[in-house]
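Here is how the chains run, residue by residue.
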Amino acid sequence: MALRFYNTLSQQVEEFLPAHDNTVRMYTCGPTVYDFAHIGNFRSFTFIDILRRVLRSHGFRLDHVMNITDVDDKIIRNAVAQHKSLEDYTDAYTRAFLDDCKTLRLERPERLTPATSHIQDMVEAIEKLTAGHHTYTSDGSVYFRIATFPGYGKLSHNDFSGNLAGARVDVDEYEKADARDFALWKAPKEGEPAWQTAIGPGRPGWHIECSVMAIKYLGETLDIHAGGIDLVFPHHENEIAQSESLTGKPFSRFWMHAEFLMVEGQKMSKSLGNYYTLRDLLDRGYQPEAIRYLLSSVPYRKQLNFTFDGLQSAATAIGRLRNFKLRLETDKYADGSGAGMSARTEKAAHDFVEAMDNDLNTAEALAAAFEYVRDANSAMDSGEFRAGDAAAALDFLGRFDAVFDVIEPTTATNAISDSEIESLIEERQAAKKAKNFARADQIRQQLLDQGIILEDTKSGVRWKRK
Ligand SMILES: [Zn+2]
C-alpha cells in the first residue's frame, strides 16, 4: 500500500506523493523563542521528525523549511522589561530550542528561517496585498480584510458567513473593521523597537512571516504544511488567506496537524503546576530517549496523555529493545536458519512499514516491533533462532530505529531518576528500622554524591536535588 496521510483540508486520508520530481516541499511552523519550549511543543516537533524520517524511508528528498518566530508582542514585552535587544533576548532561546531538538534527536530541517531576517520580503508581500485591495490601514497598522477572501474557513471547516462582529478571534489591541481581520503589520507603541520601512515603522504580524518564507523558499504550492492542531485556526487559516490572495494558487496540498498533549489527564498549565519543559524532565533524571519514545508512541492525531508512569514504561520498552539487540550481537547460535524465522522477520518488517504508511500509526508500528521481539526472544530460548537469522533481525531493528531512534543510549546524562531515588529512600528506611545504620548512612551518602539531599522530617523523608 502507498504512503497516505490524513489531510485536514479535505478531511480525508489521501495517498501522498510530492507534486514535482522526488522532493517533498514542506513547511512547518517553528517556535516562538520567548521562553524554553514545553513538552506540548515537543510533541508537535517529534511528530514532524517522525514524518520526515518516514518520507525519507520512501526515498523522497526533503526540502523542509521551519521558521523561528523571533519577533512578537511577548518577545518585545520581555526584552524591553529586561533591557535587552530583541536579538540578545531571542538568541538565547533559539539556541536553547536547537539544543533541546538535538537532545530529542529531532532532525534539523533543511532550512531554518528567522522572521527578522525577512522583514523586507514581508513588506513587499504586504504592498502586493494592498495593491490587490486585500488590506486597510488603521492607526499605522495594516490589516488583512477577510471579506476579500471567499475561501476563508476552508481549513478549519468553520462557517464564517454569519455575523461575527464582537467575536474577537484574533486578540490584539488594535482597531479592526471586522473581528476576524488580522494584523499584517503592527505600528509600534511608545518605547517599542520597530523597523523603518516603506509601509511605515513597525513590525510584522505573526501570520505573514510563514506565508512569505514558505513561498520564498518552497514555491507557491507546498506539498505539506504541518504543525500543532492549535495552529489550524486562526494561524493556518490566515496563512491560506494571505498566500492564496498573493499567488492565486492553492497554498499547500496537504495540511497535517498533531493533537494536544495532556499531562496526567489534564490540560498542561503553569497554574496547575503540571507544566514541563524538556529541561524540567531531564533535571528529574529522565532519559531523552524515553521522552522521545513517549512523545512518538501515540499516533499524532490522537491526544497524548503524558504521565510519569508512561515515561517509566517507555524506559522499560527501550530496555527491552536494547537487550534484544545485545542478544543479537553477542549470543552464539547454531548454524543455519530457523524454521520460518525469515518469514517471521519479513512479516514484522512489513507490518511495521504498513503501520507507518497508514498515516503514521506509530502505536501499531510499535506493536509489530514488540511482537517480533517477544517472538524472536522465545525462538532464541528454544534454539529455533539460528546464526543465519541474525542479520535480517538486526536489519529490521535498524529500520525501526531509523524512525524511532531510541535504541542508542544518550551518554552525556547519567542523572538518577525519581523512582531510583524513591526506592533507595525506601531501602534506607528499612535499613534504619532493622538498626542497620551503616547501610542507612551509606545510602544517604550515595544519594548525596549524586546531588540528592535527604531531609528527615516528622512526616517522613523529603528529598531534593542540589
Ligand atoms: Zn506558521
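Residues numbered from 1 in each chain as written. Predicted model: local features only at pLDDT ≥ 70, side-chain atom pairs only at ≥ 80, totals over all residues. Heavy atoms only, no water.

Participant: What's the story with the environment of Ser243 in this structure? I'm lost.
Facilitator: On the secondary structure map, Ser243 appears in helix H6 (residues 232-247). Note on Ser243: relative accessible area 1%, which makes it buried. Separated by 30 residues in the primary sequence, Ser243 and Met213 place their C-alpha atoms 11 Å from one another. If sequence neighbours within four positions are ignored, Ser243 has contacts with Ser211, Ile215, Gly248 and Phe251. At 2.8 Å, the side chain of Ser243 forms a polar contact with the side chain of Ser211. Among the polar contacts made by the side chain of Ser243, one reaches the main-chain carbonyl oxygen of Glu239 at a distance of 2.7 Å. (Helix = DSSP H or I, 4+ residues; strand = E, 2+ residues; numbered from the N terminus. Buried < 20%, exposed > 50% of the residue type's maximum accessible area, 1.4 Å probe, protein only. Contact = heavy atoms within 4.5 Å. Polar contact = N/O pair within 3.5 Å; in protein donor to acceptor, adjacent residues only side chain to side chain.)

Participant: I'm lost on the pattern of salt bridges in this one. Help?
Facilitator: Oppositely charged side chains can pair when the atoms bearing their charge come close. Counted under the stated rule, the structure contains 36 salt bridges. The salt bridge partner of Arg439 is Glu427, with a shortest N-O separation of 2.7 Å. Residue Arg439 is found in helix H14 (residues 437-449), and its partner Glu427 is found in helix H13 (residues 418-433); the two are separated by 12 residues along the sequence. Measuring nitrogen to oxygen at the nearest pair gives 4.0 Å for the salt bridge that ties Arg462 to Glu455. (Salt bridge = Lys/Arg side-chain N within 4 Å of Asp/Glu carboxyl O.)

Participant: Quick question: what am I supposed to make of the packing of helix H10 (residues 341-357) against helix H11 (residues 362-382) here?
Facilitator: Each pair of packed helices can be summarised by the angle the axes make with each other and by the distance between the axes. Their axes nearest at 7 Å, the elements H10 and H11 cross at an angle of 165°. The orientation of H10 relative to H11 falls into the category roughly antiparallel. Considering how the two elements wind past one another, H10 and H11 form a crossing that is left-handed. Across the interface between the two elements, Met341, Arg344, Thr345, Ala348, Asp351, Phe352, Ala355 and Met356 of H10 pack against Thr362, Glu364, Ala365, Ala368, Tyr372, Asp375, Ala376 and Ala379 of H11. For the contact of H10 with H11, the residue count by class is 10 nonpolar, two polar and four charged. (Axes fitted to C-alpha atoms, helices over the stretch in contact; angles between N-to-C directions. Parallel < 35°, antiparallel > 145°, perpendicular 65-115°, else oblique. Left-handed = near helix turned anticlockwise from the far one by under 90°. Nonpolar A, V, L, I, M, F, W, Y, C, P; charged D, E, K, R; others polar.)

Participant: Teacher, can you tell me more about the pairing of strand E12 (residues 252-258) here?
Facilitator: Taking burial as the measure, the seven residues of E12 include six buried ones, the bulk of the element. Summarising the sheet, strand E11 (residues 222-228) and E12 pair through six bridges and their orientation is parallel. Considered in E12, the bridge of His225 is made with Trp255. In this view, the connection linking E11 to its parallel neighbour E12 by way of H6 has right-handed handedness. (Pairing = 2+ DSSP bridges. Right-handed = clockwise from strand over helix to strand, strands pointing away.)

Participant: Any chance you could explain the environment of Ser419 here in plain terms?
Facilitator: Summarising the element assignment, Ser419 is placed in helix H13. Residue Ser419 is classed as partly exposed on the basis of its relative accessible area, which comes to 34%. Once the C-alpha coordinates of Ser419 and Ala226 are considered, the two residues, 193 residues apart in sequence, prove to be 36 Å apart.

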